[in-house]
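Spelled out from the first residue to the last, the chains are:
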Amino acid sequence: MNELLALVYWQETAIKLGVALAVIPTTSLILVYLFLFKMMAFMQSRLGPNDTGPYGSLQLIAEAIKFLQKEDIHPSQADRRVFRMAPVVVLASTFLLYVVLPAGPDAIVENLDTGIFYAMAVSSLSVLGILMAGWASANKYALLGGLRAAGQLIAYELPLILAVMGVVIQAGTLNLQGIVVAQATGEIFGWGAIGHPFILTQFVGLFIFLIAAQAELTQTPFDMPVAETELVGGFHIEYTGFRFLLFFMAEFGTAFAFSALASVMFLGGWWIPGFDVDDNILNILGPGVMLGKILLIAFLIFWVRFTYPRLREDQLQKFAWKFLIPLSLVNIVLTGVFKVVF
Amino acid sequence: MSDEAPDNDEQVAIGSGQGDAGREALRSELEDLLGAAVVDSHLQEGQNLWLRVEAGRWQDVARSLKGAGFNYFGFLSAIDWTVAPEGRYEDTEFDAGLDDEDGEPVAIDNTTGHAGGDTRFQLLMQLHAPARGAAVLVKADVPDDAPVIDTLRDVFPGADWHERETHEMFGIGFTGHPQLVPIYLPTEFEGHPLRKDFPLLARHVKPWPGVVDIEEIPEHLEAELEAAVMAEFEASGGGE
Amino acid sequence: MTATSDQAQRAYVAAQAADARVNVELDTGDMTLNIGPQHPATHGTLRIACQLDGEQVIMAEPIMGYMHRGYEKLCEVRTYPQCTTLINRIDWLGSFANEVPFILAAEQLMEVEAPPRAQWIRTILFELSRIANLALFLGDMGVQVGALTPVFFAFRDRERVLNQIEAATGGRFHPNFDRIGGLKDDLPKGWIDETRAVMAKMRGFCDEMEDLLVGNEIFQTRCRGVGVIPADVALGYGLSGANLRASGVDWDLRRDANPGLAWNEIDWRVWTHPDGDSFARYWVRLQETREATYMVEKLLDGLPGGPIMAKVPRIIKVPAGEAYVSTENPLGEMGYYVVSKGDLGPFRVKIRTPSFNNISIVPWVMKGVYVPDVITILGSLYFILGDIDR
């Protein structure tokens with residue numbers, strides 16, 4: 001890309017920034033429309049929005065405008081500054097995640113050497129925002145929701161990172177582009193036509209990663225921080241209008257980002273079999289391939305969300321510490337052993 | 001207890017205490033069990049068994065009944081036998097209300113109650129014996145001068161709320177109940193709404209048309225109509 | 001302690017105060033959480049004041065009366081036919097079932113008996129309202145524990161039953177169809193076949209719920225062992241219906257104290273579960289719904305002919321006396337104690353509603369559970385707010 005266009009640094013940065021800023025609302029809109037509106041309605045044998053625009057797709061715009069029109073309400077006891085900052089912090093963590101998501105050989109905002117490490121780190125930032133929201137709302141439900149979120153995200157951060165470890169050991173790099181390349185150039189018993197997507201050897205890792213991501217995203221069955229029927233929305237109970245919209249966008253934006261991480265690490269990312277990893281055409285085709293894989297993973301996430309009941313907080317902790325973490329440790333050990341042996 | 005064959009006219013009863021024969025046996029058994037505490041009893045054929053017990057032994061009676069297998073607490077409430085001063089807010093010939101101008105003290109008319117009664121308030125409780133398929137309705141006359149009776153909370157925990165409700169609705173006290181706070185009404189509510197002398201204000205404000213909405217049939221048509229209805233009734237099987 | 005000097009005493013007091021301050025700072029005070037009056041899990045306006053220690057409930061006390069409509073007082077100033085309109089609104093999901101015991105009590109006082117066909121149709125409509133009511137529970141319980149989808153299936157399939165009730169009575173929610181001495185109308189043409197088809201669909205719905213929730217590990221983890229009510233406690237609190245049967249008490253008023261409806265004429269089964277936890281309550285209700293669909297089919301098979309109204313005077317004047325009739329409503333034992341003085345209307349009506357007793361166990365059963373369990377237990381006890389507050 002750089003050779004073709006030969007952009008100056010600031011121009012390149014501006015383009016990347018523009019793309020990133022445009023991508024996050026778009027991605028969450030795609031997920032909301034496809035899964036929350038259409039798939040959920042289909043699974044629950046109802047119609048879903050179908051009146052506004054083709055197949056109800058403009059409903060999203062209507063919803064966004066509705067949110068923007070709403071009065072911005074602060075609870076009188078709220079810690080105003082923190083209350084206002086919380087959704088921004090949550091959304092910022094989502095934005096930061098997008099920085100390292102690769103969509104092609106050069107289509108990446110910043111190719112960090114420790115990309116996956118960075119992604120895991122910034123994704124935890126959202127806990128801070130949720131905790132801030134829960135505390136600053138001056139609402140007991142919000143407080144319970146915030147504390148639950150903190151407890152839960154800490155418990156699931158570990159299996160999430162440990163699940164990633166297996167991939168990192170196999171790829172031998174923390175760089176997300178490196179992981180894609182490793183999968184693309186890998187071979188399965190000497191046969192490299194489709195490369196070596198790590199789902200084949202790291203399916204336990206993918207399983208753990210998806211479960212932990214489900215918890216990280218506070219989707220059912222791990223949606224205790226939100227828990228509509230108990231905590232009536234949990235940490236965002238007091239948020240209205242565009243502040244709520246920020247939380248909402250962050251939730252789906254993060255879901256998209258985690259689906260992207262999963263498809264990069266386990267499904268081979270943007271690479272298409274038959275192409276060279278440096279092929280410039282992948283900068284055009286790659287995002288499309290990525291989108292397909294992301295939607296596949298997101299479908300799994302939302303399918304589970306619409307089907308399962310919610311666990312209780314203590315059961316969730318038990319599940320994380322007594323099942324997922326030992327399993328992921330075993331996975332790491334086995335991966336290490338196989339890496340050395342083969 | 002009794003293993004009588006169920007009354008043929010009744011549906012086949014499962015367990016004893018069902019059917020009139022079963023209820024009759026149950027009555028004598030309970031009268032033996034409770035002894036002098038039973039003031040009166042009444043058995044309505046094909047329906048239920050009523051026992052009226054001494055108010056002073058209310059708790060003992062409940063305990064003994066529980067021991068006899070009546071361990072299911074149905075409900076507890078009261079009846080105010082006063083004739084309502086406002087009547088039934090209906091301008092009808094059936095209305096038995098007293099005139100306001102009479103200024104007479106409200107009369108107690110409990111002639112229609114099963115198992116009798118002497119006082120204004122009568123407590124009412126229903127207990128089931130699931131194992132025996134039997135049920136009994138227990139009444140007790142609450143003294144007029146001091147409408148207070150022992151709580152059943154320790155015998156049947158479920159009585160707790162029923163006593164709170166009875167307290168707020170009728171103003172009957174329950175000694176031994178730790179927390180006779182209103183259950184339905186606001187804390188600052190005054191009066192006991194289910195007492196007959198508690199006026200229904202909505203009806204004062206806007207009189208209720210009552211039964212006038214039933215259209216009168218002209219007298220000369222009544223016999224004719226009735227004959228037609230009867231003929232149809234018989235033609236279609238006649239209630240067999 | 002004995003103070004040796006002023007100074008020593010002052011030092012001692014200061015130390016104690018410092019100690020106390022540390023204790024105060026370390027003490028995690030209880031938090032009062034008001035679940036309700038406006039809360040999605042309370043199906044209306046019930047408030048549960050919880051004392052929490054962290055997420056654990058120390059004490060839970062239901063506070064109701066937000067919907068108290070004073071039906072007992074209102075019934076006293078109405079005629080008997082007018083009362084049925086009111087009592088329709090007690091348990092609004094199974095309205096027809098509310099009318100039946102009241103009408104039966106009035107019939108007992110009048111010594112009128114409805115013709116057999118009317119009794120059978122009453123029983124059929126009674127079971128239909130049970131299915132409509134419990135179907136919503138079966139879906140709603142999923143929402144209580146966090147599964148969104150089942151409730152939509154419940155609404156979808158309950159609609160079929162409501163359509164049948166509407167076709168027969170003209171009212172979806174508040175039929176007001178039962179009359180002293182019989183029913184307002186006979187069944188419409190084609191209704192019986194349609195109802196059979198609907199019953200088959202409802203069995204499909206029950207299977208669906210069995211797959212979606214009963215077999216689901218998370219649902220089981222959330223419900224098993226949560227809110228266990230032993231049989232003797234349940235009896236002492238007067239729990240009735242599926243709540244009692246889920247505690248292992250084999251007692252169903254339809255079988256054990258039938259006030260004259262057609263339940264004894266057909267073959268059916270009372271379901272019980274020994275566990276007494278939330279899962280058992282769900283399971284019993286699921287089996288009951290399925291059983292009710294079979295019951296309706298059997299009742300339709302044996303539906304007798306004949307009139308649907310006994311001969312009663314046009315202006316209903318009930319002779320003096322007292323009667324108590326209770327039936328096994330969708331929620332449990334619902335009874336009406338009617339005192340008559342020979343007027344057009346009752347002198348006193350005591351309405352014994354199942355939910356009032358069922359909810360009275362809440363302070364007992366919610367000691368030491370977690371906040372999510374509060375919702376699970378409330379959901380599994382299954383109450384209708386109109387049925388608590390009357």
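Described below are features of the structure shown in this document. Starting from 1, residues in each chain are numbered consecutively following that chain's sequence as written. All chains are assigned letters beginning with A, and all ligands numbers beginning with 1, in the order in which they are written. Only residues with pLDDT of 70 or above have their local features reported here, since the model is predicted, and side-chain atom pairs are shown and tallied only from 80 upward, although totals for entire chains, interfaces and linings are computed over all residues.

## Let's talk about unusual backbone geometry
The phi dihedral of S45(A) is positive, around 45°, even though this residue is not glycine. The helix count covers DSSP runs of H or I at least four residues long, the strand count covers runs of E at least two residues long, and both are numbered beginning at the N terminus. Note that S45(A) resides in the loop between α2 (9–43) and α3 (59–69). For E111(C), which is not a glycine, the phi torsion comes out positive at approximately 55°. We call a residue exposed when 12 or fewer other C-beta atoms sit within 10 Å of its C-beta, buried when the count reaches 20 or more, and partly exposed for counts in between; the C-beta positions come from the backbone. The exposure class assigned to E111(C) is exposed, which follows from the 10 C-beta atoms found within 10 Å.

## Focus on the sheet that holds strand β8 (residues 348–352) of chain C
All names here are of chain C. What the three strands build is an open sheet, ordered β6-β7-β8; its pairing is antiparallel. The sheet is open, and its two borders are formed by β6 (321–329) and β8, each paired with just one other strand. On average, each strand axis in the sheet is inclined to that of its neighbour by 10°, with strand direction left out of account. The pairing criterion is simple: DSSP has to find at least two bridges between the two strands. Summarising the sheet, strand β7 (residues 332–340) and β8 pair through five bridges and their orientation is antiparallel. Within the sheet, the bridge partner assigned to Y336 lies in β8 and is I351. Here, axes are lines fitted to C-alpha atoms. For helices the fit covers the stretch in contact, and angles between N-to-C directions go from 0 to 180 degrees.

## Here's the deal with the interface of chain C and chain B
The partner chain B presents 46 residues to the 49 residues of chain C that form the contact. When residues of the side of chain C that touches chain B are assigned to their parent elements, the largest contribution, four residues, is made by β6(C). Looking at the side of chain C that touches chain B residue by residue, the classes come out as 19 nonpolar, 16 polar and 14 charged. Contact definition: two residues whose C-beta atoms, as placed from backbone geometry, lie within 7 Å. Any residue that is not Ala, Val, Leu, Ile, Met, Phe, Trp, Tyr, Cys, Pro, Asp, Glu, Lys or Arg is counted as polar, Gly included; the first ten are nonpolar and the last four charged.

## What to know about the sheet that holds strand β1 (residues 31–35) of chain C
All names here are of chain C. Within the open sheet, the three strands sit side by side as β1-β2-β3. Their pairing is antiparallel. Looking at the sheet topology across the chains shown, the edges are occupied by β1 and β3 (56–63). Going across the sheet, the axis of each strand differs from the next one's by a mean of 20°, ignoring polarity. Relative to strand β2 (residues 47–53), β1 runs antiparallel, the two sharing five bridges. Across the sheet, L33 pairs through a bridge with C50, a residue of β2.

## Some words on the pairing of β7(C)
Residue and element names in this part refer to chain C. Within β7, nine of the nine residues are buried, leaving the element largely enclosed by the surrounding structure. The sheet contact formed by β6 and β7 spans nine bridges and is antiparallel. Opposite S326, over in β7, you have G335 as the bridge partner.

## Points about the environment of L329(A)
All names here are of chain A. For L329, the position within the fold is in helix α13 (residues 313–341). Residue L329 is classed as partly exposed on the basis of its C-beta count, with 14 C-beta atoms lying within 10 Å. Separated by 167 residues in sequence, L329 and L162 place their C-alpha atoms 6.8 Å apart.

## Brief notes about the interface of chain A and chain C
Opposite the 24 residues of chain A that make contact, chain C presents 26 residues. Sorting the residues of the side of chain A that touches chain C by element identifies α7 (140–171), α10 (228–231), α12 (282–307) and α13 of chain A as the ones contributing at least two each. Of the residues that constitute the side of chain A that touches chain C, the class distribution is nine nonpolar, six polar and nine charged.

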